[in-house]
Amino acid sequence: MSIYDTLNEQQKKGVFTTEGPVLLLAGAGSGKTRVLTHRISYLIDELGVNPWNIMAITFTNKAAGEMKERVEKLVGTGSDSIWVTTFHSTCLRILHRYSDRLGYENNFTVYDTDDQKTVMKEICKRLQIDPKKMKERSILSAISSAKDELITPEEFEKSAFGDYRLQQIAQAYKEYQTILKKSNAMDFDDLIMKTVELFRTDPQVLKGYQKRFKYIMVDEYQDTNTAQFELIRLLADAHHNLCVVGDDDQSIYKFRGANIRNILDFETVYPEATVIRLEQNYRSTQNVLDAANAVIRNNRKRKSKTLWTDKGQGSPIHFMEFLNGFEEAEFIADDVARKNREGIAHYSDCAILFRTNAQARLLEERFVIEGIPYNVVGGTNFYARKEIKDMLAYLKTIDNGSDDLAIKRVINVPKRGIGATTVIKVQDYADLHEISFYDALRQAEDIPGLGKASGKLKGFVNMIQVFRSKQEFYGLSDLIRDIIETTGYVRELEASGDDDAEGRIENIDELISKIVSFEEIHNQPTLREFLEEVALVADIDNLEGGSDKVLLMTLHSAKGLEFPHVYLAGMEDGLFPSYMTIASDDQEELEEERRLAYVGITRAKEDLTLCYAKMRMIRGETQVNAVSRFVREIPEELMDHRPSSMGSGFKREYEEENPFGSASFSRGGFPEKGSFKPKASAGPRKTAIENKPFIAGGGVGALHAAGIAKGVGAVSGGRPSYDAGDRVRHIKYGEGTVTDLEPGPRDYKVTVDFDEAGQKIMYAAFAKLEKV
DNA sequence: TAGTTGGGTTTTTTT
DNA sequence: AACCCAACTA
């Protein structure tokens, strides 16, 4: 009896087909991680492959860690030397060794999204790009997409010919790369792209890695982008022992450059590939699976597959309707508490999944009130928090003097009387003499016009130098404590009296613990290694197992995880699928949302609850939304309740107001504005309970009143000021021509042919049309 | 230089 | 609602 006997036939094929390219199409819950771990163990134990020659690339550090653990259990020894990591850590490791061949120093730092923005802001100023015409963010995302496709600044510029906007982006891209290089820094996308560049320009280095990695496995292959594909192709080029695992139905990272063709065209690139399908699901009940299949069936572009399970039918899919988000949160908290009380589930058996991070807050507040232990994954990454970034900036400054951004971040934090003007003068001097910002600081007395500031700069430089020299004598945790002590960072927080100071100090303490445990794990812990590790942690990576807590996270974060009890919150058209995708002409975008729904549903092992709130406050605006189309795609016989058509009749009445089946109004529209609202300054943070009467009391009637109170467009019943044939303007759709105007049961129904948005039918009172 | 305030904006998702 | 920025004040 061997460990492989427990595998099904397809899984066995996946394990034993070790030579040549393999495409493993693995449906949700079909045991692909099992195949991968057994495959690795088979290679080592049965075929005598040196663990050193095996590489497995996963999506998150957490997945990598888990895989390592599982392999360790299967194989006796040697699993340490298997290279199991993410794309980004792999590249970072390689580049920290060889990036000097690309003209970087090997101790370059990694810029996160925040840093990128800071750099881009500077560039926009310099290139005089009007921030109203083109936002930094859109430039950055254009650059990011370019890098995902391995397009260099030069190539970008060539293809931008004739398009002013693109030319500007090309300029910014070029400038951006120059600044990053000068700062000895790379961004996330650079890590992949530069590694490919390294492999392409330095065959020697590539050969070394090709020789090492005789067996390569890639998990979540459907979410790889073009650059990652090329990276893998290069690495596998010598041996072709490449096994990729993925599920096109779970591709949810198109916005990050994921190229679904990588999985769909695998057989074209590698004609000799063995294709294996894993279609037996070991995770979920038949009901959950049927629901998932019913939803995903509506997508057109997919490699069709049929998931099946020999588990029983299971409980029906629960569907719950609520008036608003507060009630939704209340129910979910109550239900989780009930399951815990009745011994149906531990807290850690439950997960609440949602489309947007912002939805976490309401749920969180309710969980606090009910005293239910929970953890929120995501939101702001721990290492992206202000106080943590400040601490890291000190560490980076000490480690890498050319990271201008880090130095500028902390040069006046805590306040040292070094203002913006001084920083600009130093930068000018640095530019003039073509030296780094830090080197300019060291020559502060030579910089003209600094006056008293020069002494302050000297003090700062001195402090950094002292930290650097002390490093020889004490460890990392001593260093961070020294920084906190010397700079008085925490003391200032304590004195500030800000209500978030306490939380920030807690975070800093958390950072200290992380550094301490880093020191414990590593034999020779260096600052560089710590910064390297920290640069690429995702939020999900920090999740410690073992504690009995409910998990709250986005659907994206939930990928690859499973829970006995899953709640999908916010199943509303306009939220999920998002407003943007519904409005988009591109069918593909909606399909990606549907795949996300598929991912969400298939996280559930036993019990799935779908929640819908009729009204929801989004960005300070209350929206009325229809039940998500994804819920409606699930056959009624699988559910315990079926979606009502919004009892009050309100919904039906205004369904045609816009094409999304949702109405929205602003809180400002309430005549009694402020009368319900607790004063923000008085007492502790508002709780869900305090807020609730405001929303619930508002109710449908208030909604109606709000629309009319706003007094925009025609008043219900009266004939609008425009008529068929008139030109009108709509706040969202722009200008158009009225093609029809007819009296409805309560209001005039107006049909407008918009120049941009096409034909829409809406109620006059809510359309807020303006005659032009 | 530092702190405050008012106004404008708003990736949905993340390595 | 929350965040970020610019302008203003002390």
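Residues numbered from 1 in each chain as written. Chains lettered and ligands numbered in written order. Predicted model: local features only at pLDDT ≥ 70, side-chain atom pairs only at ≥ 80, totals over all residues. Heavy atoms only, no water.

(A) Broad picture of the layout of surface pockets. Its volume calculated, the second largest pocket comes out at about 1,100 Å³. In terms of lining residues, the second largest pocket is bounded by 32 residues, among which N61, I521, H522, E533 and V537 are the most central. Counting residues per element, the ones that place at least two in the lining of the second largest pocket are α3 (61-74), β3 (83-86), α4 (87-98), α24 (501-521) and α25 (527-535). It is α24 that provides the largest number of residues to the lining of the second largest pocket, a total of six residues. (1 Å grid on protein atoms, 1.4 Å probe; cavity = no way out; pocket = protein on both sides within 12 Å on 5 of 7 lines; lining within 4 Å. Points joined across faces, edges and corners; volume = space filled by probe spheres on them. Helix = DSSP H or I, 4+ residues; strand = E, 2+ residues; numbered from the N terminus.)

(B) Expanded view of the pairing of strand β1 (residues 22-26). Within β1, five of the five residues are buried, leaving the element largely enclosed by the surrounding structure. Along β1, one buried face is formed by V22, L24 and A26 and the opposite face, lined by L23 and L25, is buried too. With five bridges joining them, β1 and strand β8 (residues 274-278) adopt parallel strand pairing. Residue pairing for β8: L25 is matched across the bridge by R277. Where β1 and strand β7 (residues 242-246) come together, four bridges link them in parallel fashion. Bridging from a neighbouring strand, L24 pairs with V245 of β7. (Buried < 20%, exposed > 50% of the residue type's maximum accessible area, 1.4 Å probe, protein only. Pairing = 2+ DSSP bridges.)

(C) Summary view of the sheet that holds β8. With respect to topology, six strands assemble into an open sheet ordered β3-β2-β6-β7-β1-β8, the strand pairing being parallel. Unpaired on one side and paired on the other, β3 and β8 mark the two borders of the sheet. Between one strand axis and the next, the sheet turns through 15° on average, direction left out of account. Along the sheet, α3 makes contact with β2 (54-58) and β3, crossing β3 at roughly 160°. Set on the sheet, α4 makes contact with β2, β3 and β6 (215-218); between it and β3 the angle comes to about 110°. (Axes fitted to C-alpha atoms, helices over the stretch in contact; angles between N-to-C directions. Contact = heavy atoms within 4.5 Å.)

(D) Structural view of the packing of aromatic side chains. Scanning all chains against the criterion turns up 19 aromatic pairs. Aromatic side chains F266 and Y270 sit 5.1 Å apart centroid to centroid with 45° between the ring planes, which places their arrangement in the tilted category. Take F266 and Y270: they sit in the same class, and that class is buried. Seen from their ring centres, F382 and Y383 are 5.1 Å apart, and the 90° between their planes marks the pair as edge-to-face. Among the aromatic residues, ring-to-ring pairing joins W83, Y98, F199, Y209 and F213 into one connected group. (Phe/Tyr/Trp six-rings, centres within 6.5 Å; stacked < 30°, edge-to-face > 60°.)

(E) Here's a closer look at the packing of helix α23 (residues 489-496) against α24. Across the interface, α23 lies against α24 with an axial gap of 9 Å and an inter-helix angle of 160°. The orientation of α23 relative to α24 falls into the category roughly antiparallel. Crossing hand, α23 versus α24: left-handed. Contacts between α23 and α24 involve Y489, V490, L493, E494 and S496 from the first element and A501, R504, I505 and I508 from the second. Here the contact of α23 with α24 is composed, by residue class, of six nonpolar, one polar and two charged. (Parallel < 35°, antiparallel > 145°, perpendicular 65-115°, else oblique. Left-handed = near helix turned anticlockwise from the far one by under 90°. Nonpolar A, V, L, I, M, F, W, Y, C, P; charged D, E, K, R; others polar.)

(F) Up close: the nonpolar core. Counting 66 residues, the largest nonpolar core has M120, I139, L191, F199, Y209, I216 and L242 as the members making the most contacts within it. Residues in contact with L242, not counting those within four places in the same chain, are G20, P21, V22, I216, V218, I232, A236, F266 and Y270. I388, V423, F437 and V537 belong to the second largest nonpolar core, which has 53 residues in total. (Core = buried A, V, L, I, M, F, W, Y, C linked by side-chain atoms within 4.5 Å.)

(G) Region of the structure containing the protein's contact with DNA strand B. Lining the immediate environment of DNA strand B, one finds 26 residues, of which K135, R355, T421, S578 and R619 sit closest. Within 4 Å of the protein, the contacting atoms of DNA strand B are drawn from sugar and phosphate to the extent of 56%. N412 has a polar side-chain atom sitting 3.3 Å from a phosphate oxygen of DNA strand B. One of the side-chain N or O atoms of R619 is found 2.8 Å from a phosphate oxygen in DNA strand B. The residue inventory of the surface near DNA strand B, partitioned by class, reads six nonpolar, 13 polar and seven charged. (Near = heavy atom within 4 Å. Polar contact = N/O pair within 3.5 Å; in protein donor to acceptor, adjacent residues only side chain to side chain.)

(H) Molecular detail of the pattern of salt bridges. What the rule picks out here adds up to 45 salt bridges. Between E230 and R200 there is a salt bridge; the shortest N-O distance is 3.4 Å. Placement of the pair is E230 in helix α11 (residues 226-236) and R200 in helix α9 (residues 188-201), with a sequence separation of 30 residues. (Salt bridge = Lys/Arg side-chain N within 4 Å of Asp/Glu carboxyl O.)

(I) Helix α6 (residues 136-148), seen in detail. Between its terminal C-alpha atoms α6 stretches 18 Å, which fits the 18 Å expected from 13 residues at 1.5 Å a residue. Considered for burial, the residues of α6 that qualify are E136, I139, L140, I143, A146, K147 and D148. Here the buried face of α6 lies against α5 (113-126), α7 (153-159), α8 (164-182), β5 (185-187), α9 and α11. One or two residues past the end of α6 sits L150, with phi positive at roughly 60°. (Expected span 1.5 Å × (residues − 1).)

(J) Structural view of the environment of K135. Counting through the fold element by element, K135 comes out in the loop between α5 and α6. Between the alpha carbons of K135 and E544 there is a distance of 38 Å; along the sequence they are 409 residues apart.

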